[in-house]
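If you want the building blocks of each chain, they are given just below.
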Amino acid sequence: MTAVVTSPGAGNVDVEDMALDLVRDRLAGLGRQYTPVDVATAMRAEGMVVSDSAVLDTVESLRRHSVGAGPLEQLLHQPGVTDVLVNGADQVFVDRGAGLELTGVRFRCEGDVRRLAQRLAASVGRRLDDAMPFVDARLADGSRVHAVLGTLASPGTCISLRVPAHRSFSLQDCVASGSVTPGAAQLLSRMIEAKLAFLISGGTGSGKTTLLAALLALVPPEERIVIVEDSRELAPHHPHVVRIEGRPANTELAGAITLTDLVRQSLRMRPDRLVIGEVRGAEICDLLTAMNTGHEGGCGTVHANSTADIPARLEALASLGGLPRSALHAQLASALDAVVHVARDDSGMRRVAEISIFVREPGSGLVHSECAVHFRPDGGTALGAGSRELERMLDRSS
């Protein structure tokens, strides 16, 4: 059991944590990679009990807190884990696809969480300190990390890790898991074959990226897919995929490469299918322009609570690029054909809930989404007002 001492005005101090810090400081002064003998020498200098087991435990603690994601490493490699969330020292959650679960992993103190967050940021050349107390970056292994220091967050430093998929899921895998019904799979396959332009909408962690990757795997192998992403997440199983990735500004606030820049570059790369991993800003203007100039089958994902919210969501994003509302709706009406909405039900299950089409309103010229097919949680299907138009688009393009 870890001992705890109390000093007036200082609160609780973890003796084991203090000892490990002292050993770490001594080893840092060596100026080289330390050995178990160095660890034993440092422990002895700090008055610690030195035995074979104590040295091995200390070496393991030092390694765990200086390599990879520290105490979180074991969670990141568990099958099915898509997210690892840290709320201060005492709460670590994982998402295995059925909602967040509290784990038994704990940090010894707030300082350990802060040091881990800073080390993860430093590993990709990003700054994280009191002057810049938050960071959003992609690690070398493809994991996406977001951290906010305890100076801003309660109950302490918060770390959010998005784990890249260890394998690509096929559309049949999605059917087998229950997230896509056989009827929905058939319609989605026909949309890819017909080169319909579409968006996949849904909330955070609803499975938008997984579904999009599965659909891109259905693209004929002779076609070239160019994927534009802010942070690499899409990994479709396809023989001809080119990925270009945005870049944040450096510590001098220079060198940023935006998705708007990359969409414009991608149009010169002869894409058969132009894909935006997540539409989240002014790049929507360039994407719609591209789809209106002969680039069929374009697609991407967007955060939205329902298909009905998509036009308003795109209006807000287009305004960042200076595109007025009327122009956005005119572009939208001719550029995008459909939207696929994915949702999580009350049990945490991810599933395709609806396919809608975009319809221009007579007179106003504004566009709204109209449900074509609704997929019920029990596996049933209900046709909406837009079903005939969706079928017409699929037949016209076949």
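Residues numbered from 1 in each chain as written. Predicted model: local features only at pLDDT ≥ 70, side-chain atom pairs only at ≥ 80, totals over all residues. Heavy atoms only, no water.

Caption draft 1: Quick peek at the sheet that holds strand β15 (residues 350-360). Strand order across the open sheet formed by 9 strands is β11-β10-β12-β13-β9-β14-β15-β16-β17, with mixed pairing between neighbours. Because the sheet does not close on itself, it has two edges, and the strands there are β11 (241-245) and β17 (381-383). Adjacent strand axes in the sheet meet at a mean angle of 25 degrees when their direction is disregarded. The sheet contact formed by strand β10 (residues 225-229) and strand β12 (residues 273-276) spans 4 bridges and is parallel. (Pairing = 2+ DSSP bridges. Helix = DSSP H or I, 4+ residues; strand = E, 2+ residues; numbered from the N terminus. Axes fitted to C-alpha atoms, helices over the stretch in contact; angles between N-to-C directions.)

Caption draft 2: Looking closely at helix α2 (residues 36-45). Along α2, the residues classified as buried are Asp38, Val39, Ala40, Ala42 and Met43. The positive-phi residue at the C-terminal boundary of α2 is Gly47, with phi of around 75 degrees. (Buried < 20%, exposed > 50% of the residue type's maximum accessible area, 1.4 Å probe, protein only.)

Caption draft 3: Seen up close, the packing of helix α11 (residues 310-320) against helix α12 (residues 325-335). Between α11 and α12, the shortest axis-to-axis distance is 10 Å and the interhelical angle comes to 120 degrees. Taken together, α11 and α12 sit at an angle that is classed as oblique. In the packing of α11 onto α12, the handedness of the crossing is right-handed. For the pair α11 and α12, contact is made by Pro311, Leu314, Glu315 and Ala318 and by Arg325, Leu328, His329 and Leu332, respectively. Across the contact of α11 with α12, the residue classes tally to 5 nonpolar, 1 polar and 2 charged. (Parallel < 35°, antiparallel > 145°, perpendicular 65-115°, else oblique. Left-handed = near helix turned anticlockwise from the far one by under 90°. Contact = heavy atoms within 4.5 Å. Nonpolar A, V, L, I, M, F, W, Y, C, P; charged D, E, K, R; others polar.)

Caption draft 4: A look at the pairing of β12. Of the two faces of β12, the one lined by Arg273 and Val275 and the one lined by Leu274 and Ile276 are each fully buried. As defined by bridge partners, β12 adjoins strand β13 (residues 299-303) across 2 bridges and the pair is classed as parallel. Residue pairing across strands places Val275 opposite Cys299, the latter belonging to β13. Once the chain exits β12 it traverses helix α10 (residues 283-291) before rejoining the sheet at β13, and the crossover so formed is right-handed. (Right-handed = clockwise from strand over helix to strand, strands pointing away.)

Caption draft 5: The pattern of salt bridges, seen in detail. Enumeration over the complete set of coordinates arrives at 23 salt bridges. A salt bridge links Asp112 to Arg115, with the nearest nitrogen and oxygen atoms 2.6 Å apart. Here Asp112 pairs with Arg115, and both are found in helix α5 (residues 110-122), just 3 residues apart, close to one helical turn. In this structure Arg115 comes out as partly exposed when scored by relative accessible area, which is 33%. Arg190 is the partner of Glu391 in a salt bridge, and the nearest nitrogen-oxygen pair spans 2.8 Å. With Glu391 in helix α13 (residues 387-397) and Arg190 in helix α7 (residues 182-193), this pair connects stretches of sequence that are 201 residues apart. By relative accessible area, which is 31% here, Glu391 ends up partly exposed. (Salt bridge = Lys/Arg side-chain N within 4 Å of Asp/Glu carboxyl O.)

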